[in-house]
Amino acid sequence: RFHAGAIFDESARRDDEVFRLAVADLNLNNEILETEKITISVEFVDGNNPFQAVQEACELMNRGILALVSSIGCMSAGSLQTLADAMHIPHLFIQRSPAGTPRSTCPLTSRLPGADDYTLMVRPPVYLNEVILQVVSEYSWQKFILFYDSDFDIRGIEDFLDRTSQQGMDVSLQKVESNINMMITSLFRTMRVEELHRYRDTLRRAVLFMSPATAKAFITEVVETNLVAFDCHWILINEEISDYDLQELVMKSIGRLTVVRQTFPMPQNTTQRCVKHNHRINTSLCDPKNAKAQQLEITNRYIYDTVLLLANTFHRKLEDRKWHSMASLNCIRKNSKPWQGGKSMLDTVKKFGVSGLTSFLEFTDNGTNPNIFFEILGTNYGEDRGRGVNRLATWDPLHGLNGTLTDRKLENNMRGVVLRVVTVLEEPFVMVSENVLGKPKKYQGYSIDVLDALSNYLGFKYEIYVTSDHKYGSLQPDGQWNGLIGELVSKRADVGLSALTITPERESVVDFTTRYMDYSVGVLLRKAERTVDMFACLAPFDLSLWACIAGTVLLIGILVYLLNWLNPPRLPMGSMSSTTLYNSMWFVYGSFVQQGGEVPYTTLATRMMMGVWWMFALIVISSYTANLAAFLTITRIENSIQSLQDLSKQTELPYGTVLDSAVYDQVRSKAMNPFERDPMYSQMWRMINRTGDGNVDESKEGVRKVKYGHFGFVWDTAVLEYIANNDEDCSFYTVSSNAPDRGYGIAMQHGSPYRDIFSQRILELQQNGDMDILKLKWWPKDSPCDLYSSVQMRQNGNALDIHSFAGVFCVLAAGVVISCLIAIVESWWSRRKGSRVPSKEDDKEIDLEHLHRRVNSLCTEDESPHKQFSTSSADLTPLDMDALPAARQALEQISDFRNTHITTTTFIPEQIQTLSRSLSAKAAAAGFSTGFTSGGGVLQDHRTGGVGPFRQRAPNGGFFRSPIKTMSSIPYQPTGPGPNFGYGNDPDRGTSI
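Residues numbered from 1 in each chain as written. Predicted model: local features only at pLDDT ≥ 70, side-chain atom pairs only at ≥ 80, totals over all residues. Heavy atoms only, no water.

**Student:** Please provide a residue-by-residue account of the overall build of the chain, values included.
**Tutor:** Check the secondary structure of the chain and you find 33 helices and 37 strands. Every one of the 993 residues in the chain was classed for burial, and the buried ones make up 49%. Carbon and sulfur atoms make up 52% of the accessible area of the chain, which totals about 50,100 Å². (Helix = DSSP H or I, 4+ residues; strand = E, 2+ residues; numbered from the N terminus. Buried < 20%, exposed > 50% of the residue type's maximum accessible area, 1.4 Å probe, protein only. Areas by Shrake-Rupley, 256 points an atom, 1.4 Å probe, with all protein chains shown as cover.)

As structure tokens, this is what we get:
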């Protein structure tokens, strides 16, 4: 009889059952043991009590055993190893992890140099670190969390953590307590909303080092509490995962699940599975369809193969006749001796192997089992319960990973996938046109074009709908998200698409693809309308300068008059000009406007004055002409806003943005966050929140306020540029920041399997230039509107309109009206003056200019050549005029002196005799015949008489000489009881001398 001892953990009753079943099978197998039988002694110990394990082992050795089989943990195994080495008893150790958690490498017990190791590791070394590192590398994970249960020895993954750290992976650790429900509840109770969202993001990628029972409970809890979604991907690694456990895990989980477990290569044929060389394994253990076989643990399989190996070893020892009888060993005695046959038995066990339930059991020289295989099973993404599990790859220490873990469905195409897309209407990213015929809405825009390009390449289809609140999404006080982001967080949509900017707050709850367009903050402003300035012609000079010029004209006119008064110029014979103040002013003004003058100035002082004045006028007129051209072609806008800095510094123009939008949050963050505070944004934030009505609920409302009010709308630059480009009146212009700091992206649920493939395709579209083509469709370069000019420009280049010269026409019209009024007043005054009796002072008044005009207008009868007369003349001095009787004044009469080359108009008194005598005397003295008669006779006609011209001496002693033109007679007519002089009345031609 071959006696073997066994020590099992008291919690592993199934090990004892399989051990006894294996011994019974071998005792019935005559091919291995012909007449020999195997007897066993089994003891149960506390796996965490090494002293008890040693005590029970000593008891077994005292009974006499050829080998010791143990299935306990590492803590007690070390003590048994030391005892077996001391007593030379072969120790076949089957490592058992507590509560089914993944194994950790047992620390080696130090021994004396050259001493034999009588402990053989039946289970292969722990390769979990190598396997999981290759799996996460194959999946290209860079950030994930590692969960382990309370029974797992974390020292077993130290090597894995070191290697992931060297590769730059971000790995978080978290222990799963035995009471999982309480642990999850504490998370919700202690974490803030932002922290909880970040924790959800971490749970998208997770590795579970735990027992199948704990994994099932943990997955169930996190799914029910909505901590994970269908886009999560978890990896569970444990050698002890049965098919039944696998099916339950798949049923309870959502998203993608990958399971790494140990496998044993077996023939597909059931007969070959159960028959191993000369031994037939019990059908209840080798038939996979048997319920008992399905419940076998890995330690059970190794225990069965260990008994089979010992039986073969005993049989070979008998054949070699190298048998050493069993002896009772007392390990308690101080000088007890080891078993003499232990070394031979150990070498025989190492030398031969056996095929069993674990495929092939053998040992290397260092006493370990090299044969271990892992299989990697996985599911696809989805929310369907009970979806199929596929074998993705295998792993062994010799060949490594055999297979690929790449998701072929996402790598090649997405045909058959229908995505639910949520959007917010925002020109020109997403727009909708209603169909009056009842057909589905048709969406268009830049973002829709990008989505169509992705759909055509990847092959997916999509259904699109608009959010009910028409918002992009912000965090509410109750911790929930509204708008587009809320639809993704609540799993009602797969993709979010619009003018959606990538922000840290949004990225904490959803996933974003790479940016497909740059984003910057801008402001929409209304262009300054060109005001109608009727007096634009006055714009070149300031009002003060115009006043100085007007004063200068008056001053120079007065100075010219004074200079002429101090030194009167000698006027040539026949000159029509005079040096009165009125004429001086008129001459200065005429020369200023470059129209010349009529008064000849001959004195040196006057000419020096006028030369300097002409130089001044030339400079002023030239400067005015140059400045007028510039002012009529260039419109200057004072204090215009050309940058966000200008907008923030001014307070006259109110501005705002959409409440709870990305722009609103960005301005608030840069104004309030001490780490990125910007003075410009601080000013903007104070202005935005200064008034309650500064912000709007929708972007369309902001554009409307800009167009019809005094307002600036702060919003996405791309949206504002499209609005300004497509405005019918081109009444908008935009101002934006120079450097974009964010971008537009496509939002997806956390852990979405489509994010990476979408990002890759977007990068390809950008590299190929397709994105630029799509952008030019909505933002053309040849826009009819100027987006950056703050004033409305003329459509016809530099052509001037009527508004620029309205003031000139108004001045002309005013001059015409005033001239007409003056003409009316002069006519009225002339008629009134002609109807009254002239005074004595009027008699002395001489208006030679009027005389000259009357001569030119009235003396047109005689067109014959003028005759030459003597240069002598009759002088009528003021004394002669004063000698006239002033008893009565006659009406103004017109007297034409025929044949005398002079025409005069005089006030003839009734006593014309005195004038007649004086004129006769003067004429006789000069040799003229005046034609006057006395005694009431009629003045005869002297049309053919040859008389010389008369001249009137001025009061200052000078002579006023009338121009010689025609000759006419002076008819007289009696005016009273005196002598009857005849004269002709012509009141229409009257003036005064």
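**Student:** I'd like a description of the UniProt feature "transmembrane region" (unreviewed entry) in the chain, backed by residues and values.
**Tutor:** The residues that UniProt annotates with the feature "transmembrane region" (unreviewed entry) are residues 543–566, 612–634 and 802–825. Measuring from the first to the last C-alpha atom of residues 543–566 gives 35 Å, for a span that is 100% helix and 0% strand. (UniProt positions renumbered as here; feature names shortened; annotations may be inferred.)

**Student:** Describe the pattern of salt bridges, naming the residues involved and giving the relevant values.
**Tutor:** Applying the stated criterion across every chain yields a total of 23 salt bridges. Between Glu764 and Arg761 there is a salt bridge, with its nearest N and O atoms 3.0 Å apart. Taken together, the residues span about one helical turn, with Glu764 and Arg761 both in helix 27 (residues 755–768) at a distance of three residues. A relative accessible area of 25% places Glu764 in the partly exposed class. Salt bridges sharing partners connect three or more residues here, namely Arg103, Arg123, Glu239 and Glu240. (Salt bridge = Lys/Arg side-chain N within 4 Å of Asp/Glu carboxyl O.)

**Student:** Go over the nonpolar core with me, naming the residues and quoting the values.
**Tutor:** Within the largest apolar cluster, 85 residues are counted, with the highest numbers of intra-cluster contacts made by Phe429, Tyr446, Tyr516, Phe713 and Phe758. The greatest single-element share of this core, amounting to seven residues, is contributed by helix 16 (residues 446–458). In this structure, Tyr516 is in contact with Phe429, Tyr446, Ser447, Val450, Leu497, Ser498, Tyr744, Gly745, Ile746, Ile762, Gln766 and Met771, ignoring residues within four places of it in sequence. If you look at the next biggest cluster of nonpolar residues, it comprises 66 residues, including Phe19, Met61, Tyr302 and Leu357. (Core = buried A, V, L, I, M, F, W, Y, C linked by side-chain atoms within 4.5 Å. Contact = heavy atoms within 4.5 Å.)

**Student:** Could you give an account of helix 28 (residues 770–778), naming the residues involved and the relevant values?
**Tutor:** Taken residue by residue, helix 28 has Met771, Leu774 and Trp778 as its buried positions. The buried residues of helix 28 occupy an angular sector of 65° when projected down its axis, which confines them to one face. Those residues of helix 28 that are exposed and aimed more than 90 degrees away from the buried face are Asp772 and Ile773. Residues of helix 28 that are buried sit in contact with strand 19 (431–433), helix 16, helix 26 (717–725) and helix 27. (Arc of directions from axis to C-beta.)

**Student:** Hey, could you go over the packing of helix 8 (residues 212–224) against helix 9 (residues 243–252) for me, with residue numbers and the actual values?
**Tutor:** Working note: a packed helix pair is described by the angle between its axes plus the distance between those axes. Their axes nearest at 9 Å, the elements helix 8 and helix 9 cross at an angle of 10°. One element, helix 8, and the other, helix 9, form an angle in the roughly parallel class. Between helix 8 and helix 9, the residues in contact are Pro212, Ala215, Lys216, Ile219, Thr220 and Val223 and Asp245, Glu248, Leu249 and Lys252, respectively. Of the residues contributing to the contact of helix 8 with helix 9, the split by class is five nonpolar, one polar and four charged. (Axes fitted to C-alpha atoms, helices over the stretch in contact; angles between N-to-C directions. Parallel < 35°, antiparallel > 145°, perpendicular 65-115°, else oblique. Nonpolar A, V, L, I, M, F, W, Y, C, P; charged D, E, K, R; others polar.)

**Student:** Could you give an account of the sheet that holds strand 2 (residues 38–45), naming the residues involved and the relevant values?
**Tutor:** Taken in spatial order, the five strands of this open sheet run 2-1-3-4-5, and their pairing is parallel. Pairing within the sheet leaves two strands with one partner each, and these edge strands are strand 2 and strand 5 (119–121). Put simply, the sheet's adjacent strands are angled 20° from each other on average, direction ignored. Note: strand 1 (residues 2–9) against strand 2, eight bridges, orientation parallel. Among the inter-strand pairings, Gly5 is bridged to a residue of strand 2, identified as Ser41. This element, helix 2 (residues 50–63), spans strand 1, strand 2 and strand 3 (68–71) of the sheet and lies at about 160° to strand 2. (Pairing = 2+ DSSP bridges.)

**Student:** Report on the pairing of strand 16 (residues 390–396), specifying residues and quantitative values.
**Tutor:** If a strand is regular, its side chains alternate between the two faces of the sheet. Pairing of strand 15 (residues 373–378) with strand 16, which is carried by five bridges, proceeds in the antiparallel orientation. Looking at strand 16, one finds that Leu377 is bridged to Arg391. Bridge analysis of strand 16 against strand 17 (residues 400–403) gives four bridges, and the strand direction is antiparallel. Bridge assignment links Trp395 to a residue of strand 17, and that residue is Leu401. Linking strand 16 to strand 17, which pair antiparallel, is a turn of three residues.

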